[in-house]
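In case you want the letters, here they are:
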Amino acid sequence: MIAFIFKRLLQSVVVMLTVALIAFAMFRFVGDPVNNMVGQDTTDTERAQLAESLGLNDPFIVQFGRFAFNAMRGDFGISYKYRRPVSELILERLSATLELSFVSAVLALVVGIPLGVYTALRSKGIISKGIMVLSLMGVSLPTFLIGILLILLFGVVLRWLPTFGRGDVVDIYGWWTTGFLTVSGLKSLILPSITLAIFQLTLIMRLVRAEMLEVLRTDFVKFARARGLPDRAVHFKHALKNTLVPVITITGLQLGALIAFAIITESVFQWPGMGLLFIQAVADVDIPIMAAYLVLIAFFFVVINMVVDILYYAVDPRLRADAAV
Amino acid sequence: MEQAIEKSRLQRFLDGDLWHSFKRNPVAIISFIVTVIMIAAAAFAPLIAPHDPFNLAAIDIMDASVPPAWQEFGDPRFVLGTDDQGRDIFSTILYGARISLIVGFASVIFAMVVGISLGLISGYVGGRTDAFIMRIADIQLSFPSILIALLIDGVARGVVPKEMHTDLSIYVLIFAIGVSGWVQYARTVRGSTLVEKNKEYVQAARVIGIRPLTILWRHVLPNVMGPVMVIATIHLALAIITEATLSFLGVGVPPTTPSLGTLIRIGNEYLFSGDWWITIFPGVALVILVLAVNLLGDWLRDALNPKLR
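The structure reproduced in this document is the subject of the present report. Everything numeric here is computed off the predicted structure, so don't read it as measured data.

Structural notes on the overall build of chain A
Counting its regular elements, chain A contains 13 helices and two strands. Seen through its principal axes, chain A has C-alpha atoms that stretch 85 × 60 × 35 Å. For chain A, buried positions account for 47% of its 325 residues. Considering only residue pairs separated by 6 or more positions, chain A has 71% of its internal contacts joining residues 24 or more positions apart. Split by element, the accessible area of chain A, about 16400 Å² in all, is 68% carbon and sulfur. Within chain A, one finds 27 positive and 22 negative side-chain charges whose respective centroids are separated by 17 Å.

Dropping the structure here:
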């Protein structure tokens, strides 16, 4: 177990270093960092001074080392456009993205798993078939289009819900702002979180359904039925329990995807999160923000992947048995 | 002589499992017809479109924001209405679908070529080359493809000079979407190559001195094409969505040659003034196209999967 965790940790470090290298290469070689920081009327000597003070004349490996070290402390330099530290800009918006992703993940799980179980158990029913057709629509509808349709229905036609921004937010601990505590904040969350959740929801639902159908065909389920156990016990104690192991994995991985897909949702709803910051950075070629976002997302992914792997290892005794052999 | 071979190939296809399964699957037939109609409509857009939306002399600002023909104030000349500049929505959809499909197909082909080559090399050569390629694939696979496409697009904006950006953006887009999708192909091809490599016919070919490239091309590749076609079909749907998403986010194709995604983006600004048709109709076209391709891919996967037969 210890050896497994150590190996996994080492792999994660390699991934992070690779991503950091890409991020650094972007920062160093896409456009001229000096040109991006100074105005038109800066003299050549001043430029040379800036290049020297930024350490741009040092050997590549030294520069990369410095970049990686600074990144570890959360220092990603100054945004070209906002002229402010990137870490500050991201920190301001982190809470917005995390709250949105969290609500969407809960929504996807709470709706997706029961729907998956239902469609597996009544796989021939008309309601199940209807749900399956709808889920295919969910896969084929691009996220931004779902957002637009929701805005059109609930924002423009019915005028029930706000369609942009976070509403009123409350400060906690100085940098974390939450929309959970005000009515307008909660109302603003509804449409974006549904938009973001739909793709994951359909994915989880289809996965639970497929796994459930598979498990229901296995011998131990047949045996449990033969023993005369009631349907409820067979379905939920035997079948669902075995279904949930892969569901945990996929859900964990999808959590990272949620944060990335938040880019689109945030753009549609003008949600002031990291994704919106990133997409504006792409349009403006604001490399420090792009590099920082890349490293941050990679970090989220690596941590989530690792936790999921270790959880998996802890949950499924078969994996441990394999390693022992 | 040549005709005879052609005929026998067609005959073989008609006798094959694939055609048999296709004939008996109404969903596959409908989605195939829809896909073909949309591709044809896009390909012949200049002939079919009732108006030329990009000819500035032909559009009239007086026709701006006309609702669809069946609504009040609708104009029979513009079936699906017009946008804010008086362009016929139906015509812009035809031209937009054209761009969407070109980008979709081109990026799928690009990803396919890169993925298949690296997969073949990885599986056939093995050792360190294999470990290296697969490690990169693993790392890339842990990020959503849309993020990778966005990053490549952003970097390209920094590298390409501003004045060339508009001309090159479509190629950048194809490259970005293609690169973000090669991993699936490489993994599948590598897996099949590992299996085929040790079969006797490949061993025999090697013994009689056929060059590795020829073996890969003539013997291994044909045996891995089945799963590749399934991936390609599903990837096409994904590539069209990705293109639309990037264009919607404003980092895809320029507004001068709008794709379906760009049209939706443009229309989105008029949503609140009640001109819903500018954005909804391109959206519907996009969904129909993606849904049809997805259904076709689903059928192909089931039809080629020996487990389900």
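And the narrative resumes.
As for the overall build of chain B
A count of helical and extended segments in chain B gives 13 helices and zero strands. Across chain B, helices and strands are ordered from the amino to the carboxyl terminus as α-α-α-α-α-α-α-α-α-α-α-α-α. Sorting the 309 residues of chain B into buried and exposed places 50% on the buried side. Nonlocal contacts in chain B, meaning residues at least 24 apart in sequence, comprise 70% of its contacts between residues at least 6 apart.

Section: the packing of aromatic side chains
All names here are of chain A. One pass over the structure, following the stated rule, counts nine aromatic pairs over all chains. Centroid distance F24 to F64: 5.7 Å. Interplanar angle 55°. Geometry classified as tilted. With a gap of 40 residues between them, F24 in helix 1 (residues 2–29) and F64 in helix 4 (residues 60–72) connect regions that are remote in the sequence. On the basis of an interplanar angle of 40° and a centroid distance of 5.9 Å, the ring pair of F199 and F261 is categorised as tilted. Linking F199 in helix 8 (residues 183–216) with F261 in helix 10 (residues 231–269), this pair joins segments that are 62 residues apart in sequence.

Quick word on the packing of helix 5 (residues 89–125) of chain B against helix 8 (residues 162–179) of chain B
For any two helices packed against each other, one specifies the crossing angle of their axes together with the interaxial distance. Residue and element names in this part refer to chain B. Here helix 5 crosses helix 8 at 45°, and the two axes come no closer than 8 Å. Viewed along their axes, helix 5 and helix 8 adopt a mutual orientation that is oblique. Here helix 5 runs over helix 8; the crossing is right-handed. Each of I99, V103, A106, S107, F110 and A111 in helix 5 lies in contact with helix 8, whose residues at this interface are I170, L173, I174, F175, I177, G178 and V179.

Description of the environment of A45 of chain B
All names here are of chain B. Looking at where A45 falls in the secondary structure, it is placed in helix 4 (residues 45–48). By relative accessible area, A45 is classed as buried at 0%. Spatially, the C-alpha atoms of A45 and N268 are 24 Å apart, while their sequence positions differ by 223 residues. Residue contacts for A45: discarding those within four places in its chain leaves L94, Y95 and R98.

With respect to the packing of helix 7 (residues 145–159) of chain B against helix 8 of chain B
Residues and elements named next belong to chain B. Across the interface, helix 7 lies against helix 8 with an axial gap of 9 Å and an inter-helix angle of 150°. With respect to helix 8, the element helix 7 is oriented roughly antiparallel. In the packing of helix 7 onto helix 8, the handedness of the crossing is right-handed. Residues A149, I152, D153, A156 and R157 of helix 7 pack against H165, V172, L173, F175, A176 and V179 of helix 8. For the contact of helix 7 with helix 8, the class distribution of residues is eight nonpolar, one polar and two charged.

Let's talk about the nonpolar core
Where a protein is soluble and globular, its nonpolar side chains tend to be buried together. F144 and F278 of chain A together with F143 of chain B are the most contacted members of the largest nonpolar core, which totals 128 residues. At 16 residues, helix 11 (residues 212–248) of chain B tops the list of elements feeding residues into this core. Leave out the neighbours within four places in its chain, and F143 of chain B touches V19, I297, A298 and F301 of chain A together with I148 of chain B. Membership of the second largest hydrophobic core comes to 17 residues, among which are I113, L201, L216 and V221 of chain A.

Quick notes on the pattern of salt bridges
Applying the stated criterion across every chain yields a total of eight salt bridges over all chains. Close ionic contact of D138 of chain B with R135 of chain B constitutes a salt bridge, the shortest N to O distance being 3.2 Å. Taken together, the residues D138 of chain B and R135 of chain B, both in helix 6 (residues 127–141) and three residues apart, mark about one turn of the helix. Owing to a relative accessible area of 30%, D138 of chain B belongs among the partly exposed residues under this scheme. Given the relative accessible area of 38%, R135 of chain B is considered partly exposed. A salt bridge links R301 of chain B to D298 of chain B; the nearest nitrogen and oxygen atoms lie 3.0 Å apart. You can see R301 of chain B and its partner D298 of chain B sitting in helix 13 (residues 277–304), three residues apart, about one turn around the helix. Assessed through its relative accessible area of 39%, R301 of chain B is described here as partly exposed. Linked by salt bridges that have partners in common, R84, E88 and E92 of chain A make up one network.

With respect to helix 11 (residues 274–284) of chain A
Most of helix 11 of chain A is tucked away, with eight of its 11 residues classed as buried. Within helix 11 of chain A, the full set of buried residues consists of M274, G275, L276, L277, F278, I279, A281 and V282 of chain A.

Brief notes about unusual backbone geometry
Residues and elements named next belong to chain A. At R83, a residue that is not glycine, the phi angle is positive and equals roughly 60°. Of note, R83 is situated in the loop between helix 4 and helix 5 (86–121). Residue R159 is not a glycine yet carries a positive backbone phi of 55°. With respect to the helices and strands, R159 occurs in the loop between helix 7 (143–157) and strand 1 (170–172). The exposed category is assigned to R159, whose relative accessible area is 65%.

Some points on helix 10 of chain A
All names here are of chain A. With 39 residues, helix 10 ought to run about 57 Å at 1.5 Å a step, yet its terminal C-alpha atoms sit only 45 Å apart, falling short of that. Helix geometry: helix 10 is bent most strongly at L240, by close to 40°. Residue Q270 follows helix 10 closely and has a positive phi angle near 50°.

Brief notes about the environment of G123 of chain B
Residue and element names in this part refer to chain B. Relative to the helices and strands, G123 is located in helix 5. Note: C-alpha distance between G123 and M134 (11 residues apart in sequence) is 9.9 Å. When neighbours within four sequence positions are excluded, G123 is seen to be in contact with R190, T193, L194 and K197.

Some words on the interface of chain B and chain A
Taken together, the contacts link 35 residues of chain B with 41 residues of chain A. Taking both sides of the interface into account, the surface hidden between chain B and chain A amounts to around 3200 Å²; carbon and sulfur atoms contribute 85%. Inspection of the region where chain B meets chain A yields zero salt bridges. On the surface where chain B and chain A come into contact, there are zero residue pairs in polar contact (both at pLDDT 80 or more). Those elements that provide at least two residues to the side of chain B that touches chain A are helix 6, helix 7, helix 11, helix 12 (260–268) and helix 13 of chain B. Broken down by element, the residue count for the side of chain B that touches chain A peaks at 10 residues, all from helix 13 of chain B. Here the residues of the side of chain B that touches chain A are counted per class, giving 24 nonpolar, eight polar and three charged.

Conventions used here
Residues numbered from 1 in each chain as written. Chains lettered and ligands numbered in written order. Predicted model: local features only at pLDDT ≥ 70, side-chain atom pairs only at ≥ 80, totals over all residues. Heavy atoms only, no water. Helix = DSSP H or I, 4+ residues; strand = E, 2+ residues; numbered from the N terminus. Buried < 20%, exposed > 50% of the residue type's maximum accessible area, 1.4 Å probe, protein only. Contact = heavy atoms within 4.5 Å. Areas by Shrake-Rupley, 256 points an atom, 1.4 Å probe, with all protein chains shown as cover. Lys, Arg positive; Asp, Glu negative; His and termini not counted. Charge placed at Lys NZ, Arg CZ, Asp CG, Glu CD. Phe/Tyr/Trp six-rings, centres within 6.5 Å; stacked < 30°, edge-to-face > 60°. Axes fitted to C-alpha atoms, helices over the stretch in contact; angles between N-to-C directions. Parallel < 35°, antiparallel > 145°, perpendicular 65-115°, else oblique. Left-handed = near helix turned anticlockwise from the far one by under 90°. Nonpolar A, V, L, I, M, F, W, Y, C, P; charged D, E, K, R; others polar. Core = buried A, V, L, I, M, F, W, Y, C linked by side-chain atoms within 4.5 Å. Salt bridge = Lys/Arg side-chain N within 4 Å of Asp/Glu carboxyl O. Expected span 1.5 Å × (residues − 1). Bend = angle between axes of the 7 residues up to and from the residue. Buried area = accessible area lost by both parts, 1.4 Å probe. Polar contact = N/O pair within 3.5 Å; in protein donor to acceptor, adjacent residues only side chain to side chain.

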